[in-house]
Every structure is written in C-alpha cells, then in structure tokens.
Amino acid sequence: MARNEGATEATLPPSSQGQEAVCTLHIEGMHCASCVRRIERSLQKVEGVREARVNLATNRAIVVYDPEQTKAEALIHAVERAGYGAQPVSERSAFSHQAPLMPEKEAAAIPTHASASDAGRLRELIAAAVLTAPVLGLSMGMSHRSFALNSLLAVFSAVVVFGFGRELFVGAWRAFRYSHSATMDTLIVVGATAAYTYSLFQLATSNHPQLYFETAATIVTFILLGRYLEERAKRKAAGAIQAMAELSPRTATVVTERGEQEIPLEQVKPGDVLRVRPGEKIAVDGVVTEGVSAVDESLLTGESLPVEKRPGDRVVGGTLNQSGTLLYRATATGSDTVLAHMMQMVEEAQASKAPVQRLADAVAAVFVPIVFAVALLTFGIRFWALHEGATAALTAAVAVLVIACPCALGLATPTAILVGTGRGALMGILFRNGEALERAQAVRRVVFDKTGTLTEGRPSVTDIFTVKGIDEADTRQRERELLYLAANAERGSEHPLAKSLVTKAGPALLTAQVTGFSAEAGAGAVAFVDGRLVCVGNRRLMEQRGIALDPTLLTHAEALEAQGKTVVFIGVDGCLLGLVGIADTPRPEAKAAIADLQAMGLEVAMLTGDSEKVARVVAEELGIAEVYAALQPHQKVAIIKRWQAEGRGPIAMVGDGINDAAALVQADIGIAMGKGTDVAKEAADITLLGTNLRNVARALRLSRAVMRVIQQNLFWAFLFNTIGIPLAAFGGLNPMIAALAMAFSSVAVVSNSLRLRTVRL
C-alpha cells in the first residue's frame, strides 16, 4: 500500500508554530514499559495536549500541546501525578548546540528534580554490596545464629532495603498516591518488603526462625546493579547525538574592520565574515568568499574524500578544514545550521515509536496487575491448597514478583531505534521516524530518478544547433541568441539541466528582463524574456505549445540521444529556434550501488522524465533492466500505484528534485538525496546527506539489522517472562537468583542493541 496514513505522521516541530508548541521533558524514575504507558496516559489527559510520546531508552517525553490551553508547568505536574519526576530540557541542559525546546522563561519557572549522578549511584551500589555481602555470607554459612547476630543482619538489611533502595519505595508510593496504580518499583518493593517483614516477624516470635533478610537485601542490591549497568549502556546507545553536538568548535574567528577576534560560537551572527585555518573546524554554515581548501565532510555525510571549496561554495559547520585558509560569510547559526537540523531530526526519530512497539505497549498496559494476581495465586495455592507452609509460599510469590518486572520488554524496541538511527546519522543517513525505519526493512523494489540522482546532476552543454544561418558569423550570432533566451528563461529553475544552460551562458548574457516564469512539470519551463515568449524543454513541451519541429534539427536530436545526451528544444514566440545537447554522466558509484541492491535480492527500476533513448543508454550502463522514460510527475505516481496494487511492493523511491516529491510520498519509503531540493527532502522518509548512492543499500541494510535486533530483543523479553514466571510460581527459582536474572535481562537487551554500532553495512 502507499504511505497514506504514515505520510501524515509529521515529525515534531522544534518550537512553537502557530497554535502548536513542543515541550521536551527529562523523566526520572522510569524503569519499564508500564511506566511509559502510565506517563503517556497522564500527559494525554491534560487539556490542550495533542500528542505525547515517551521513550524509555532516552528518558525523554516529547509533548505537542496548544500553548493557549495549557502551559509546560501543567505537563510537569501531569508527570508527577503519574508518580515520576520531570524537568524541562532546554538548550543548556541538553546539548550546547541544540535549539531550546521551550521558552527559557517558562523553563526557568518550573522546579527541577535532580537525578543522582553516576558517581553517587556507584557509591550507593558499592555501599549496598558491602552491607549485603556479610548478610548473605552469614545467612548461608551459619545455620544456627544468636539473636544478636540475627538482629545485626536485620539492621544491615534494613539499611540496604529502606536506605539505598529508597528510590524504589518513593516510585512505588508516587504511583499509588497519584494514579492508584502499580509499577515495576511496586513489584520490587512488595517482594523485598514481604521477605524482610516476614523475617522480622520470625525473629521476634520464633525460637528457630526462618529468616530471609539476605533475600530482601540481595534483591535490592541486584536491582541497583542492574539499573546502574542499564543506564551506562543506554548512554552508550545515545552517544550519536552527543558526538554530533561535539562536532562544532566552541569559538570562531570573526574578521572585522578592526582586525580578527576570537569569539564564543553563540555570538556568531549571520553575515559575519569568519576565518578558518588548516586543521580547524568550520564554525557555522556559510559561503566561501576567499581562499581555496579541501574540507573533510565525512563526519556529516559519511563520505571519506575531502571536498574542494572555492569562492561561492557552501561550507557546513562542524566539518574539518584540511589544507588552505578560507574566509566565509556566515549564512546560518545556532539552531538554523545543517548540524542542528541533523541533531533535531535524529532526536525526533529516536523519540518516535516503531509500529512493532505497539505489542510491547499493549502487554505493558496489563502486565503489572496480572503479575500481582499470579503472585497472590501462587501464594494461595501453595499455602492453602498444597499446605507447603508460609515460608515456601512466600518465597515462590516473591520470586514471581521479582522475575516478572517488564524492564527488558520496555527497552527492546527504543534502544535498538536509538542505536540504529544514531549509527545512520554518523553515516549521513537520516531516518524521519521509527515507522520509516521499520518500513524500510521490508522494501522489495527500489526505483530511481535519473537526473541528479543516478547521474552527477552537473550536466554541461556539449552541442548547440540552430535553424541554419546565412553564414558562419550569422550561425554564431544565432547560437548566442539561443543561449541568451534559454538561459534567462531558466534562471528561476532549480533543475540541473536549467543550471547547465545558465552556466554555459555566463553572467554576461544573464541580463534580460524575465517575467511570468512557469515550470512545466516533466516538460521544461516557460517565461517571457524581454517580452518574448520562450519555451525551453523536451519534445512534449514543444508539441503542447504548438511549436513545429524542424526535420533537420530532429535528425540532430536523434543523433545526440543515441550518444546518451539529453536534448533541450528552445522555441520563441511559437517558432523553433534551435536545440542544445546536454551530457550528464552517471555517478562513479552508481553502478556499484545498483549491484549492491540487486545482491540484496531487490528489484531495481528507473523512472525519468528524460527521453527514452537517453534513459536507455544510462540504464544499460548501470545495469538497470526496467526503464520508464518521458514521464511527467503524475505518471511516476501512477506507475508506483500500479506496482503497489500488483503486490510488487513495498517500494522505495530515490529522487532529488521537485518533480520527485509526489512519487516520494506515494512510495512506501521515500529516499531523498541530501543535495536535492528542500521539497524532496520534506517529502522523504530517509534523507541521504551526501551524494553517495551506495548509502541507499546501507540504509536498507541498517533497517533490516535494526528490525532483527528488535525481534531478538522482544523474543528474549517474552521468553524470559514466559519461562521465569511459571518457574518461580512452581518454586524452582530462588528470589535472589530471580533478582539477578531480572536485572541482567535489561542489560542483555541494551547490550544486544549496542551491536548495531559495529554491524557491517
């Protein structure tokens, strides 16, 4: 099917836009999929909230709301009502080069909840382990202990459970107090408290008590260990955004009439002239005004070869100047730079949910209540029906509570998306959202536009033919007139063929008065040049405008097309003036890119507005057997629709121009080349920042790899609970082993996702 509903799921805007504002919150105390579900529901109940997405892997909530109906403070309070802490993510608290996600005054007015630092968490974990070790050792090594020694074990366990495990109790209490619900924290608290209070009761009333202080202390210690390792692994998974944030230098050298001055990056303004020396990073986006140098853009595009920059060329902030000194004028700073937009797009993709996440969300919605029911049922059956005694029944019930915590289930999908989109970003592959990442793995057919996509997109005029002149001088004058009219008519076009005419003519000829410019989709352009109606385009445009084709010129056109050149006709005031031949060579890596896709078992086709002969020559050179030429944009859409109806999809469309936008939307996956038009990139699900076509196959392979990891993670998470809960219920699992297994199940899922950082693409 076409991307109909999917296409309407826009990524979140970076700031207020009309009646929509976006607030990004850092969430504290969130540990499992049920936490995510609870926070989303609480946020969605706030008046004016249009969308709320919570990501367990990043501990972020992104909320789209109407600023006329609610304020960010209300969103904070909604999170707190669900039993969690929240603080707004602003420019300073996130990454230094990221645009603020909410007004600074509004953010400053909201109270924050400081998270424990890594060092603090580690100290608490070590202290808990130091106190747990003697409790565990003495409990297992001495069967007969004095009342005093047992009392000491009770004190040590109390410090671990109620002291170092206080966050668990706070989280469980908040959930109960604000939403009358249970969370993973509740499961752990009930299990550990039951083991501790039962032991305390035994110690106070029995001469030969059966104590489980070590169980309570070990459960909490293992949970703390698991969370510490999990947080470290999650930060590794999120490393791509931080790596991108660190690309830009902290300062820039601005050139003024008074000389050069080094200023903080935040003070650079559009229009400033900056100097960058060999070995320095370019500070912001700009246009070179002086100097020649090679610039390494691999950190943004993934392409290793440096790009030569001369006056008039664009440079991108964060790239590395290698050889010469450049002066450039800043055109975009702060949140308007390419790097900032990349970071914004990656963050939005990482915060989004893939459709496969719905299964985990549905399970999480009912998981915790079911676990409590299973634990109570386990206790009841073992105590009353099987008469095993309170000790055995309680041990089994506690094991059920501890083993069942759905941490791994909540992390299975978001961590894989987090790592996968980050890996793609560092290669110059940007996914719009998690849905695009998931859909891409199922692609069966890849369709390419030709000009500017499979070809260099820098065509040059090679031949000029006019209606025959009287003599050689007259012919040259006619050629000059032809270029003058055609180039001026095409001045307002972004099409590569139009740019080749403008380049051929040069500044000296671009002096005409042009009005009424109109791009004729898939055919060419029409404009009034010095009052004369000029039509520049293919044969179809001439026929539409009633311009007769000269037989001699048609012979020249056929000869040029046989050489693989594109023919552009020029008609003036209803008469054919001449034609030009334009050559646009295939990209060097295009043939290998097509071979990559075919090796993956994918069908490859070409849809182009160019003539049949030219398209066939290029397709044959690249190894593409299926070619559709002389197409208008609506015809490209119709062909894709037909393939989808015939079951030949899902289909990916790769293009770079305005003419490709409709086809990019119709395709199941739209892939836009990074140097294409803004319209094409806005319509695409995947944007390739560089020009390397081999990234098409890499993007699809990355999508397949991410989905494999997600499936593995979900399989592991479901298998863990499917086996663990019955095993615990039947008494085959000690609560301490259950705690250890539960803690490391989350670490295993995140570690499996981290493999995507090194998977071969």
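Cut-offs used in this document
- Residues numbered from 1 in each chain as written.
- Predicted model: local features only at pLDDT ≥ 70, side-chain atom pairs only at ≥ 80, totals over all residues.
- Heavy atoms only, no water.
- Core = buried A, V, L, I, M, F, W, Y, C linked by side-chain atoms within 4.5 Å.
- Buried < 20%, exposed > 50% of the residue type's maximum accessible area, 1.4 Å probe, protein only.
- Helix = DSSP H or I, 4+ residues; strand = E, 2+ residues; numbered from the N terminus.
- Contact = heavy atoms within 4.5 Å.
- Patch = residues over 30% accessible without salt bridge, like charges linked within 9 Å, V, L, I, M, F, W, Y side chains within 5 Å.
- Areas by Shrake-Rupley, 256 points an atom, 1.4 Å probe, with all protein chains shown as cover.
- Salt bridge = Lys/Arg side-chain N within 4 Å of Asp/Glu carboxyl O.
- UniProt positions renumbered as here; feature names shortened; annotations may be inferred.
- Pairing = 2+ DSSP bridges.
- Arc of directions from axis to C-beta.
- Axes fitted to C-alpha atoms, helices over the stretch in contact; angles between N-to-C directions.
- Parallel < 35°, antiparallel > 145°, perpendicular 65-115°, else oblique.
- Nonpolar A, V, L, I, M, F, W, Y, C, P; charged D, E, K, R; others polar.
- Phe/Tyr/Trp six-rings, centres within 6.5 Å; stacked < 30°, edge-to-face > 60°.
- Polar contact = N/O pair within 3.5 Å; in protein donor to acceptor, adjacent residues only side chain to side chain.
- Expected span 1.5 Å × (residues − 1).

Before going further, it helps to examine the nonpolar core. One finds Leu43, Val446, Phe448 and Leu597 to be the most contacted residues of the largest nonpolar core, which totals 137 residues. Considering every element that reaches this core, the biggest residue donor is helix α26 (residues 694–729), with 16 residues. Sequence-distant contacts of Leu43, defined by excluding residues within four places in its chain, comprise Val49, Ala52, Val54, Ala61, Val63, Leu75, Ala78 and Val79. In this structure, Val461, Ile464, Ile570 and Leu577 belong to the second largest nonpolar core, which totals 24 residues.

Turning to a nonpolar patch on the surface, a few remarks are in order. Among the surface-exposed residues, Phe715, Leu719, Ile723 and Leu727 lie close enough to one another that they form a single nonpolar patch of about 370 Å² accessible area. Along the chain, Leu719 turns up in helix α26. Given a relative accessible area of 33%, Leu719 falls into the partly exposed group.

Turning to the UniProt feature "transmembrane region" (unreviewed entry) in the chain, a few remarks are in order. According to UniProt, the "transmembrane region" (unreviewed entry) feature falls on residues 147–165, 186–205, 211–229, 362–385, 391–419, 713–730 and 736–754. Within residues 211–229, the helical portion is 89% and the strand portion 0%, while the C-alpha atoms at the span's ends are 30 Å from each other. The distance from the first to the last C-alpha atom of residues 713–730 is 26 Å, and the span holds 94% helix and 0% strand.

Further remarks concern the pairing of strand β18 (residues 524–529). Where strand β17 (residues 514–520) lies against β18, 5 bridges are found, and the strand directions are antiparallel. Note on β18: the bridge partner recorded for Glu520 is Gly524. Linking β17 back to β18 in an antiparallel pair, the connection comprises 3 residues, with Gly522 at a positive phi of about 75°. In terms of strand pairing, β18 meets strand β19 (residues 532–537) through 6 bridges, oriented antiparallel. Bridge pairing in β19 links Gly524 to Gly537. Count of turn residues in the β18/β19 antiparallel hairpin: 2 residues, of which Asp530 carries a positive phi of about 55°.

A few words now on the pattern of salt bridges. Pairs can form between side chains of opposite charge whenever their charged atoms are close. Scanning the model with the defined rule gives 29 salt bridges in all. Between Glu603 and Arg445 there is a salt bridge, with the nearest N and O atoms lying 2.6 Å from each other. Residue Glu603 is located in strand β22 (residues 603–607), and its partner Arg445 is located in strand β15 (residues 445–448); the two are separated by 158 residues in the primary sequence. Ionic pairing is found between Asp463 and Lys565, a salt bridge with its closest N-O pair at 3.0 Å.

Taken as a whole, helix α21 (residues 590–599) has its buried residues at Ala590, Ala593, Ile594, Asp596 and Leu597. The buried side chains of α21 occupy one side of the element, clustering within an arc of 155° when seen end-on. Looking at α21, the residues exposed on the side facing more than 90 degrees away from the buried face are Lys591 and Ala599. With its phi angle positive at about 85°, Gly601 sits one or two positions after the end of α21.

Okay, the sheet that holds strand β23 (residues 626–628) next. The sheet built from 7 strands is open, its strands ordered β14-β26-β25-β24-β15-β22-β23 with mixed pairing. Two strands lie at the open edges of the sheet, namely β14 (429–431) and β23, each paired on one side alone. Direction aside, neighbouring strands of the sheet carry axes that sit 20° apart on average. Judged from the 3 bridges that link them, β14 and strand β26 (residues 686–688) form a sheet pairing that is antiparallel. For Ile429, the partnering residue across the bridge sits in β26 and is Leu688.

The next thing to look at is the packing of α26 against helix α27 (residues 735–754). In contact at an axis separation of 9 Å, α26 and α27 are set at 170° when each is read in the N-to-C sense. One element, α26, and the other, α27, form an angle in the roughly antiparallel class. Contacts between α26 and α27 involve Val709, Gln712, Asn713, Trp716 and Phe720 on the former and, on the latter, Ala741, Met742, Ser745, Ala748, Val749, Asn752 and Ser753. Its residues assigned to classes, the contact of α26 with α27 comprises 7 nonpolar, 5 polar and no charged.

Below, the discussion takes up the packing of aromatic side chains. Counted by the stated rule, this structure contains 10 aromatic pairs. Seen from their ring centres, Phe379 and Trp384 are 6.1 Å apart, and the 85° between their planes marks the pair as edge-to-face.

This brings us to the side chain of Ser753. For Ser753, the position within the fold is in helix α27. Its relative accessible area of 0% is what places Ser753 among the buried residues. A distance of 2.9 Å separates the side chain of Ser753 from the side chain of Thr415, its partner in a polar contact.

Take the pairing of strand β3 (residues 60–65) next. Counting buried residues in β3 gives 6 out of 6 residues, a clear majority hidden from the surface. Burial of β3 is two-sided: the residues Arg60, Ile62 and Val64 facing one way and the residues Ala61, Val63 and Tyr65 facing the other way are all buried. Direction of pairing for strand β2 (residues 49–55) relative to β3: antiparallel, over a ladder of 6 bridges. Looking at the pairing, Val54 lines up with Ala61 of β3. Here β2 folds back onto β3 in antiparallel fashion, the turn holding 4 residues, of which Asn59 has a positive phi close to 55°.

For helix α13 (residues 390–403), with 14 residues, the first-to-last C-alpha span of 20 Å sits near the 20 Å given by 1.5 Å per residue. Burial of α13 is extensive: 11 of the 14 residues sit out of reach of the surface. Buried residues of α13: Thr391, Ala393, Leu394, Ala396, Ala397, Val398, Ala399, Val400, Leu401, Val402 and Ile403, and no others.

Another aspect to go through is the sheet that holds β17. Read across the sheet, 6 strands follow the order β16-β21-β20-β19-β18-β17 without closing on themselves; strand pairing throughout is antiparallel. The open sheet has two free edges, formed respectively by β16 (460–466) and β17, since each of these has just one partner strand. Strand-to-strand twist across the sheet, computed as the mean angle between neighbouring axes with direction ignored, equals 20°. Pairing analysis gives 4 bridges linking β19 to strand β20 (residues 566–572), with the strands arranged antiparallel. Across the sheet, residue Gly537 finds its bridge partner in β20, namely Phe569. Packing against the sheet, helix α20 (residues 551–562) makes contact with β16, β20 and β21 (575–583), and its axis sits at approximately 15° to β21.

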